[in-house]
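# Residue-level structure breakdown
Letter by letter, the chains look like this.
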Amino acid sequence: MFNRHVSKLLTNLISNRSIHTTRNKCKEFENPILRTLRILREDFTRLQGPSENDIERERALMGVFPRHADVVIIGGGAIGSSIAYWLKEKTSKEGIRVVVIEKDMTYSKCTTLLSAGGLHQQFSLPENVQLSLYGAEFLRTLKKRFGPGADIQYCPQGHLILADEEGAQRIIDNNFIERELGVINQILTKNQLQQKFPWMNVTDVELACLGLEKHGWFDPWALLSVVRYGAAHLGAQYVEGEVVDFLFRDSEEYIGEGMDDNPYKAVNEVVVKMPDGEHKTMEFAFCVIAAGLQSSELAQLAKIGTGSGMLSVRLPIEKRDRYVFSFDCPESPPGINTPMTVDHSGLYFRRNGLGGSFIAGVSPCDDAELSLDEYFRDKVCPVLQNRVPAFSSIKVKNSWRGSYEHNGFDDSGIIGPHPYYHNLYLATGFSGFGIQQAPAIGRAAAELILDGDFKTIDLTRFGFDRLIVDKPMYETTVV
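What counts and how
Just so you know, the residues in each chain are numbered from 1, in the order the chain's sequence is written. Confidence filtering applies because this is a predicted model: local features only for residues at pLDDT of at least 70, side-chain atom pairs given and counted only at 80 or more, and all residues used for totals across whole chains, interfaces and linings. To obtain the side-chain values, all non-hydrogen atoms of the structure were used and water was disregarded. When DSSP finds at least two bridges between two strands, those strands are taken to pair. The way it works is that DSSP assigns letters per residue, a run of H or I at least four long becomes a helix, a run of E at least two long becomes a strand, and they are numbered from the N terminus. Working convention: axes come from line fits to C-alpha atoms, limited for helices to the stretch in contact. Angles between N-to-C directions cover 0 to 180 degrees. Here a residue-residue contact requires only that any non-hydrogen atoms of the pair lie within 4.5 Å. In this analysis, the protein atoms alone were mapped onto a 1 Å grid. Cavities are point sets where a 1.4 Å probe fits without being able to get out; pockets are open sets with protein on both sides within 12 Å along at least five of seven lines; lining residues have an atom within 4 Å of a point. Grid points are joined across faces, edges and corners, and a volume is the space filled by probe spheres set on the points. Classification used: nonpolar for Ala, Val, Leu, Ile, Met, Phe, Trp, Tyr, Cys and Pro, charged for Asp, Glu, Lys and Arg, polar for all others including Gly. Working definition: rings of Phe, Tyr and Trp (its six-membered ring) pair if their centres are within 6.5 Å, and the pair is stacked with planes under 30 degrees apart, edge-to-face with planes over 60 apart, and tilted otherwise. Working rule: Lys NZ or Arg CZ, within 6 Å of ring centre, within 35 degrees of ring normal, means a charge sits over the ring.

This part covers the sheet that holds strand E16 (residues 395-407). If you walk across this open sheet you meet the 8 strands as E5-E6-E4-E13-E14-E15-E12-E16, and the pairing is mixed. A strand with exactly one partner marks an edge of an open sheet, and here the two such strands are strand E5 (185-189) and E16. Ignoring strand direction, the axes of neighbouring strands in this sheet form an average angle of 20°. As paired strands, strand E4 (residues 159-163) and strand E13 (residues 340-342) are joined by 3 bridges and run parallel to one another. Bridge pairing links Ile161 to Val342 in E13. Across the sheet, helix H11 (residues 372-387) is in contact with E4, strand E12 (317-328), strand E14 (348-351), strand E15 (357-362) and E16; its angle to E12 comes to roughly 70°.

Structure representation (structure tokens):
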């Protein structure tokens, strides 16, 4: 009885306009008596039972399927989880409701697992340089953001790109853009390269670019795990299921001149196939397709690429094969200062630990019918042995075959709203360097949704509109 009377008294006091300070004023100007009364009222409220927000949070923790979300993100990989993290980081636990739909919570086929985890800023497009620069800054402050346990095993040994005579000018042109944006790297002639890395055969190398600061590699799976944990800790809910359809409703919204006479169909629900086969629907205010290889198929469910007008242009996300090989160099291996090295043939290799272990990777364009052992013997091993004579007796320890997302239109990522739908966003097509750019991509997508525009890095040129007007954004540095 006493608690009920005191709670009522406190409520009346705080709601009294003669002494109540408005919520718009900063907390430091809040009357200290009122602050004490407000805290007491909140304590009494907690004793009386959980609020609606508390109940919703508990349901999320228990895995209850949500029937509505402010933002639905399809794809819980590095980019999808980064978007979820930034949306919650900018709005807090009590902010918007973010739901991530991931069809495989084991991530057994996630492209992140096949990534070499390269960190570099050697690109031909300023946007990619800026995205990767912020990726490096995000990794540098990871422990401050997520705690001392956030370890991604970063190795700051640099990133080296080799060019033959044909590609030398491209190295020079890219270097001018990179240095203008603050990248610390160095152009090396053939002689300088030989002096710096005497274990390397440079006879067919014209120039090289060595990234000095913020270049190296890290554990991609560790980064995904950290960002995913961060998103969930801030209140994002992860749901295991596969999106199999979108639902639409008629809308009287005005789209603009030049559109079809057909009524505008707004997309506002997803149909999710649960692990047990049951289909459930979820309404949303905004939806982001960040599903990697499945992005194109999901876009078709929203009639992108199968409709008319703006909807006649498909999302050109294609599968690109990637092979990764692990091998040992038992005698006189390249030293600990060996950078991640990208050969002008497209093959890369780097150290794997402190011993004589290495990994090498390549995205094959032909002869994909060869087995992994055959491909290594016929295609990879000759390139490695030509570049590093110490690799003359290497043998494969392990190998992986997989695929990653590739934008067949111009090799560059696609981010932003679809021009037909005001609430359907895309964040896909960032190829093999999507893992290092995921922190900046997630931040950019959150800015678009929450602020209506890019606030930090202007990625307007990476929008879907360029596909409609046929204005490709070619990235020449694709590994």
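That was the structure; now back to the text.
Turning to the layout of surface pockets, a few remarks are in order. Empty space among the atoms becomes visible once a probe the size of a water molecule is rolled across them. Computed from the structure, the largest pocket encloses a volume of approximately 770 Å³. Taken together, 37 residues form the lining of the largest pocket, with Cys110, Ala291, Gly292, Leu293 and Gln294 sitting closest to its centre. When residues of the lining of the largest pocket are traced back to their parent elements, those giving at least two are helix H4 (78-91), strand E2 (98-102), strand E9 (242-251), helix H10 (295-301), E16 and helix H12 (434-451). A breakdown of the residues in the lining of the largest pocket according to their chemical character gives 15 nonpolar, 14 polar and 8 charged.

For the structure on display, the rule yields 23 aromatic pairs. A network of ring pairs unites the aromatic residues Phe197, Trp199, Tyr323, Phe325, Phe327, Phe349, Phe358, Tyr375, Phe376 and Phe391 as a single cluster. One Lys or Arg, Arg228, reaches over the ring of Tyr238 and ends 4.3 Å from the middle of that ring. Positioned above the aromatic ring of Tyr404, the side-chain terminus of Arg322 is 4.2 Å from the ring centre.

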